[in-house]
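# Descriptive structure summary
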There are 2 protein chains.
Amino acid sequence: MENLTLRQQEILGYIQLHMSQFDTWPSFREIQSHFRFKSTNAVMGHLRALETKGYISRVPGQARSFRITYDFNDDQRPEDAIDVIDIPVYGTIAAGYPDGVEPSGEIGRLQIDTKTVGVRRSRRCFALKVSGESMIDAGIYDGDIVIIEPYPPQNNDIVAALIDGETTLKRFIQEPGRAPFLKAENDHYPEFHPVTELIIQGIAKAVVRNL
Amino acid sequence: MENLTLRQQEILGYIQLHMSQFDTWPSFREIQSHFRFKSTNAVMGHLRALETKGYISRVPGQARSFRITYDFNDDQRPEDAIDVIDIPVYGTIAAGYPDGVEPSGEIGRLQIDTKTVGVRRSRRCFALKVSGESMIDAGIYDGDIVIIEPYPPQNNDIVAALIDGETTLKRFIQEPGRAPFLKAENDHYPEFHPVTELIIQGIAKAVVRNL
DNA sequence: CTTGACAGTGAACGAGTGTTTACTATACAT
DNA sequence: ATGTATAGTAAACACTCGTTCACTGTCAAG
């Protein structure tokens, strides 16, 4: 932790402590109270400094919407560290056109290392077992397990989307000047419009198939 | 996820998504806006229900001070004993017609549970990273990782076979009254005869693809 | 001496935020 | 028919919260 004054380090340390305890950023007045400041402006000064130095960022005007941006774990992670995560696998759902198959809840669990999958442990991944053939042109077959990371999609990501109460896999297309839409990877399946009526549950990060 | 209505699951899913993206709990009006409610009271109703059912908790009166309390990773069944194996991944080798690419030795490792892969721990599995397109009709693409179990093949198994010092993936065909042979899963690739000249290294048990 | 960095006091403002009250509608079970 | 659960509209209120402005004090460097 370079170029922070002692006081700034204390403030940052308290914030981290508070977040680990409460899962929320402390309010100005909570920080003020902790350090026995008489004014929230003292807090403001320190948070400004931390922001200027790149340790935190904020959404102006929103309550408790600072966040820590400095990645403290980037300095220490050895290359060969094993980081296996446990992923719930949910039941057979329609990967194709909605066809009335009911989600069957959790059917199993999968353990795999985060590097292979390309996800962060902190993002609560889940997996879906595919039913149907709407994504076969993307190499996702009936019976495959697709690992989903809850994260907003970018253009061309394969996403898990909730449509009419069912989770389905589609490719998310977001081209400039055009409303985003979802597209099957099978020429026999139609496109869906528009994305605004959908709920994106996450992006597909990996496929696991048992031969 | 039991005893949640569909709508409640959607709300919880959105909250998780928002938190993974912004590191903050969404405000009532953010949830309201996302689901196109006309009133924050609709949000309130759902959050109350989620709280009553034990999925979230809150600090009354504080902004963005709900938190998720339900531990989604805690639902492990006792009978789901974790049996994660460590698998060496070998380098890019020709999955297709021999083309002169040298095996590059171990390029990484993969940890995954035995149940997902369908192997026994006692059989020293290894994995290959596929290069080429000879098995695309079997849904094995360039760049995929294929987990191989050293075990004699049966008809129609996909096998790793050593040909002229190089490992390649093929489908093993053994029909009655006919000598066994290997066959690509791509019509543009020829068959191989005979198997007696080959060394079968193992059978393919699973494919892992990072999207 | 001046300037800048750092640290803080004091006060107030406007917007964000959670929460309440009153109500409607639908579906289902008794 | 009645009660309950679920889902939501409408409106308003009080508090939380971030932020600004004006200011003071200490210390180090030029």
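Calculation notes
Residues numbered from 1 in each chain as written. Chains lettered and ligands numbered in written order. Predicted model: local features only at pLDDT ≥ 70, side-chain atom pairs only at ≥ 80, totals over all residues. Heavy atoms only, no water. Helix = DSSP H or I, 4+ residues; strand = E, 2+ residues; numbered from the N terminus. Buried < 20%, exposed > 50% of the residue type's maximum accessible area, 1.4 Å probe, protein only. Contact = heavy atoms within 4.5 Å. Areas by Shrake-Rupley, 256 points an atom, 1.4 Å probe, with all protein chains shown as cover. Near = heavy atom within 4 Å. Polar contact = N/O pair within 3.5 Å; in protein donor to acceptor, adjacent residues only side chain to side chain. Nonpolar A, V, L, I, M, F, W, Y, C, P; charged D, E, K, R; others polar. Buried area = accessible area lost by both parts, 1.4 Å probe. Salt bridge = Lys/Arg side-chain N within 4 Å of Asp/Glu carboxyl O. Core = buried A, V, L, I, M, F, W, Y, C linked by side-chain atoms within 4.5 Å. Phe/Tyr/Trp six-rings, centres within 6.5 Å; stacked < 30°, edge-to-face > 60°. Lys NZ or Arg CZ within 6 Å of the ring centre and 35° of its normal. 1 Å grid on protein atoms, 1.4 Å probe; cavity = no way out; pocket = protein on both sides within 12 Å on 5 of 7 lines; lining within 4 Å. Points joined across faces, edges and corners; volume = space filled by probe spheres on them. Expected span 1.5 Å × (residues − 1).

The next point concerns the overall build of chain A. Looking only at helices and strands, one finds 4 helices and 10 strands in chain A. Along chain A, helices (α) and strands (β) appear in the sequence α-α-α-β-β-β-β-α-β-β-β-β-β-β when read from the amino end. The buried share among the 211 residues of chain A stands at 48%. Considering only intrachain contacts with a sequence separation of at least 6, the fraction spanning at least 24 residues in chain A is 54%. Summing over all exposed atoms, chain A offers an accessible surface of approximately 10,800 Å²; the carbon and sulfur share of this is 47%.

Another aspect to go through is the protein's contact with DNA strand C. Among the 27 residues in the neighbourhood of DNA strand C, the closest are listed as Asn 41 and His 46 of chain A together with Phe 28, Arg 48 and Arg 64 of chain B. Taken together, the sugar and phosphate atoms account for 62% of what DNA strand C places within 4 Å of the protein. Between DNA strand C and the protein, one listed contact pairs a phosphate oxygen with a side-chain N or O atom of Arg 58 of chain B at 3.1 Å. Measuring from a phosphate oxygen of DNA strand C, one finds a side-chain N or O atom of Arg 64 of chain B at 2.4 Å. Within the residue set of the surface near DNA strand C, elements represented by two or more residues are helix H1 (6-22) and helix H3 (40-52) of chain A together with helix H2 (28-35) and helix H3 (40-52) of chain B. Residue composition of the surface near DNA strand C, by class: 8 nonpolar, 13 polar and 6 charged.

Let us look at the protein's contact with DNA strand D. Neighbouring DNA strand D are 27 residues, the closest being Phe 28, Arg 48 and Arg 64 of chain A together with Asn 41 and His 46 of chain B. In the interface set of DNA strand D, defined as its atoms within 4 Å of the protein, sugar plus phosphate atoms amount to 61%. Between DNA strand D and the protein, one listed contact pairs a base nitrogen with a side-chain N or O atom of Asn 41 of chain A at 3.0 Å. Measuring from a phosphate oxygen of DNA strand D, one finds a side-chain N or O atom of Gln 8 of chain B at 3.1 Å. Taken together, the elements giving at least two residues each to the surface near DNA strand D come down to helix H2 (28-35) and H3 of chain A together with helix H1 (6-22) and H3 of chain B. Along the lines of polarity and charge, the residues of the surface near DNA strand D split into 8 nonpolar, 13 polar and 6 charged.

Moving on, we come to the interface of chain A and chain B. Facing 51 residues of chain A, the contacting portion of chain B comprises 51 residues. Between chain A and chain B, a total of about 4,300 Å² is buried, with carbon and sulfur atoms accounting for 49% of that surface. Viewed at the interface, chain B and chain A are joined by 2 salt bridges. The partner of Asp 23 of chain B in a salt bridge is Arg 67 of chain A, with the nearest N and O atoms 3.1 Å apart. Within the residue set of the side of chain A that touches chain B, elements represented by two or more residues are H1, strand E2 (66-68), strand E3 (84-94), strand E4 (106-113), helix H4 (114-117) and strand E10 (199-210) of chain A.

As for its position among the elements, Thr 168 of chain A is in strand E8 (residues 166-173). A polar atom in the side chain of Thr 168 of chain A sits 3.1 Å from the side chain of Lys 170 of chain A.

Moving on, we come to the nonpolar core. In this structure, Ile 147 of chain A together with Ile 112 and Ile 147 of chain B are the most contacted members of the largest nonpolar core, which totals 26 residues. Excluding residues within four positions of it along the chain, Ile 147 of chain B makes contact with Ile 87, Leu 110, Ile 112, Val 117, Cys 125, Phe 126, Ala 127, Ile 203, Ala 204, Lys 205, Ala 206 and Val 208 of chain B. Counting residues in hydrophobic clusters, the runner-up holds 19 residues, among them Leu 162 of chain A together with Leu 12, Trp 25 and Tyr 55 of chain B.

Bringing the packing of aromatic side chains into the picture now. Here a ring pair, both rings aromatic, is described through the centre-centre distance and the interplanar angle of the planes. All names here are of chain A. Enumeration according to the criterion identifies 10 aromatic pairs over all chains in this entry. Taken together, a centroid distance of 5.5 Å and an interplanar angle of 15 degrees make the contact between Trp 25 and Phe 66 stacked. Taken together, the positions of Trp 25 in the loop between H1 and H2 and Phe 66 in strand E2 put the pair 41 residues apart, joining distant regions of the chain. Summarising the burial analysis for this pair, Trp 25 and Phe 66 share the class buried. Three or more aromatic residues joined by ring pairs form one cluster here, namely Tyr 14, Phe 35 and Phe 37. When the ring centre of Tyr 141 is taken as reference, the NZ or CZ atom of Arg 209 above it lies at 4.5 Å.

This next bit is on empty space enclosed by the protein. Enumeration according to the criterion identifies 1 cavity of 30 Å³ or more in this entry. The calculated volume of the largest cavity comes to roughly 50 Å³. Taken together, Asp 23, Thr 24, Trp 25 and Arg 64 of chain A together with Met 19, Asp 23, Thr 24, Trp 25, Arg 64 and Phe 66 of chain B form the lining of the largest cavity. Looking at the lining of the largest cavity, its residues break down into 4 nonpolar, 2 polar and 4 charged.

So, about the pattern of salt bridges. Residue and element names in this part refer to chain A. In total, this model carries 16 salt bridges over all chains according to the counting rule given. Glu 10 serves as the salt-bridge partner of Arg 7, at 2.7 Å between the closest nitrogen and oxygen. Placement of the pair is Arg 7 and Glu 10 together in helix H1, with a separation of 3 residues, close to one helical turn. As a salt-bridge pair, Arg 64 and Glu 30 come within 2.8 Å of each other at their nearest N and O atoms. With a gap of 34 residues between them, Arg 64 in the loop between strand E1 (56-58) and E2 and Glu 30 in helix H2 connect regions that are remote in the sequence. By relative accessible area, which is 11% here, Arg 64 ends up buried.

Compared with an ideal rise of 1.5 Å per residue, which puts 17 residues at 24 Å, H1 of chain B spans 24 Å between its outermost C-alpha atoms and is within 8% of the ideal. Turning to H1 of chain B, its buried residues are Gln 8, Glu 10, Ile 11, Leu 12, Tyr 14, Ile 15, Gln 16, Leu 17, His 18 and Ser 20 of chain B. Buried residues along H1 of chain B sit in contact with strand E7 (158-163) and E10 of chain A together with H2, H3, strand E1 (56-58) and strand E2 (66-68) of chain B. Just past H1 of chain B, the residue Asp 23 of chain B takes up positive phi, approximately 65 degrees.

Turning our attention to unusual backbone geometry. All names here are of chain A. Here Arg 36, not a glycine, exhibits a phi torsion of approximately 60 degrees, which is positive. Along the chain, the position of Arg 36 falls in the loop between H2 and H3. Looking at Arg 36, the relative accessible area reads 69%, which means it is exposed.

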